[in-house]
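Notes for the structure review
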Amino acid sequence: MRQNKTTAIILAALCLVLGLASCSSTKKASKSLEPAKKGYAQTGKYRNYLKEAGFSQEEIDNKIQEIYSIIFEGEEAAYHDVDVEVDGKMVPMGYISDVKNNDVRTEGQSYAMMIAVQMDKPELFNRVWRWSKFYMRHNEEGPSHGLFAWSCRTNGRRTSNGSASDGELYYVTDLLLASRRWGSYEEFNYLEEAQELLNDLFSKDGTGGVTNIINMDVKLINFCPDSRSNLWTDPSYHLPAFYEIWAETAKDGREAIYRELADSARAYLHRACDPVTGINPDQSQFDGTPNRGSEFHYDSWRVPMNIAMDFTWYHKDAEWQTEYAKKFQNTILGRYGITEFPDQFALNGDVSARPMGGGRWRPNLRHSIGFVGTMATTALMCESEYNQELIKHMFSLKHEPYEDGYYDIYYDGLIYLFSLLHLSGNYRMNW
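Described in the following lines is the structure provided in the data block. (Residues numbered from 1 in each chain as written. Predicted model: local features only at pLDDT ≥ 70, side-chain atom pairs only at ≥ 80, totals over all residues. Heavy atoms only, no water.)

1. A closer look at the environment of Asn387
In this fold, Asn387 is placed in helix H15 (residues 387–396). Taking the C-alpha atoms as reference points, Asn387 and Ala376, separated by 11 residues in sequence, lie 7.5 Å from one another. Not counting residues up to four positions away in its chain, the partners in contact with Asn387 are Leu33, Tyr49, Gln329, Ala379 and Cys382. Within the structure, Asn387 has its side chain in polar contact with the side chain of Ser384 (distance 3.0 Å). (Helix = DSSP H or I, 4+ residues; strand = E, 2+ residues; numbered from the N terminus. Contact = heavy atoms within 4.5 Å. Polar contact = N/O pair within 3.5 Å; in protein donor to acceptor, adjacent residues only side chain to side chain.)

This is the structure we're talking about:
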């Protein structure tokens, strides 16, 4: 007994010298990084994976606030508060800009609203929603009524009247989650507004070339709600967890349809993700085959995060999702390493030099912070040799210009912030 006790003391001292909390705690941390056995919908408990990986709560909170401040509050922030005169009154609004392209997109606006509801910032949520409705929504009668123009200049002038289906998908979910968290606030009844938007989204019949965001023949979200783009899709638009929220919260009589959409989205992701590598194209046909030779580029970064969300929230497709995460990690981390993997791939895992069209070639590959973030969320779904080092590497990254001067404060930053929220247990469906 004395010899065992002495040995334990010596081991503990060695652990302290090496900078470890203790040998026993190191073993415990490794065990705690196993994937969840049930979803939040069943347990009501949100997992702080970053804390399990060894980061203190103060470190985690500071990291989330650091990235949030850069995007929403810093000197070069992508977000801006504005006061807009409406009917003789100044109304507080806000927009987040895709700084590189100097425009405002429903993608970014709806992402900002999701961040606001997750971080309990109702003023930010309301400002962005007012701007979206005032400048981007088709309020006039006609085929597009209730949909949103996907892109505007920062002064509100539309650069396109067409819609992108993912923006509406997020807007609905943002509003439903806001109704769960805050009820009604100021002039808003979030549930009623979500119901109104859903009614608009499901009332299009092709008149004027405008369709629903869902192709109801195949029960899958389309690339855009128009008669041409309604015929293919974007894998990163498929969020089965969102449809589950619609079924639980919208109270509009479409519950069975929404649950069917969730199941269809899961089945589609099985087809879209390569059975060997796990890699998906940016755009595809509804059967999962790449659309016009599409490969894994910027939109695709979101797919592992979306699958991880469904795994942690609902756990209805956990077996496939775990296998997907292992394949995806082995393809990219096993081949390129944790600290150097690039951000664009062919479906077989090669780094290709596919031309983008118009004589332009694909931009420089980078170890992009946004993709590192979503790659890290795969750790939520599987137990692997990569998880500990991957999480620590992801957490160490700074949101700042790359060595070549490129800096995407908007997309890179938002996707990275989403990933931090997922990994810290702060991306929730209830509170």
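What follows picks up the thread again.
2. Thoughts on the sheet that holds strand E5 (residues 158–160)
Strand order in the open sheet formed by 5 strands is E1-E2-E3-E4-E5, and the pairing between neighbours is antiparallel. Edge positions in the open sheet fall to strand E1 (79–86) and E5, since each of these has one partner strand only. As paired elements, strand E2 (residues 89–98) and strand E3 (residues 103–105) share 2 bridges and run antiparallel to each other. Each residue of the ladder has a partner; that of Asp98, found in E3, is Asp103. Against the sheet, helix H6 (residues 106–118) touches E2 and E3, its axis set at about 60 degrees to E3. (Pairing = 2+ DSSP bridges. Axes fitted to C-alpha atoms, helices over the stretch in contact; angles between N-to-C directions.)

3. Digging into the pairing of E2
Taking burial as the measure, the 10 residues of E2 include 7 buried ones, the bulk of the element. Between E1 and E2, which pair antiparallel one after the other, the connecting turn spans 2 residues, and Asp87 there sits at a positive phi close to 55 degrees. Linking E2 back to E3 in an antiparallel pair, the connection comprises 4 residues, with Asn102 at a positive phi of about 55 degrees. (Buried < 20%, exposed > 50% of the residue type's maximum accessible area, 1.4 Å probe, protein only.)

4. Re the packing of aromatic side chains
With the rule as written, the count across this model stands at 39 aromatic pairs. Note on Trp129 and Phe148: the rings are 5.8 Å apart at their centroids and 35 degrees apart in plane angle, and the pair reads as tilted. Of this pair, Trp129 sits in helix H7 (residues 122–136) while Phe148 sits in the loop between H7 and strand E4 (151–152), and the two are 19 residues apart along the sequence. Pair check on accessibility: Trp129 and Phe148 agree, each one buried. (Phe/Tyr/Trp six-rings, centres within 6.5 Å; stacked < 30°, edge-to-face > 60°.)

Function cannot be inferred from these measures alone, as they are strictly geometric.
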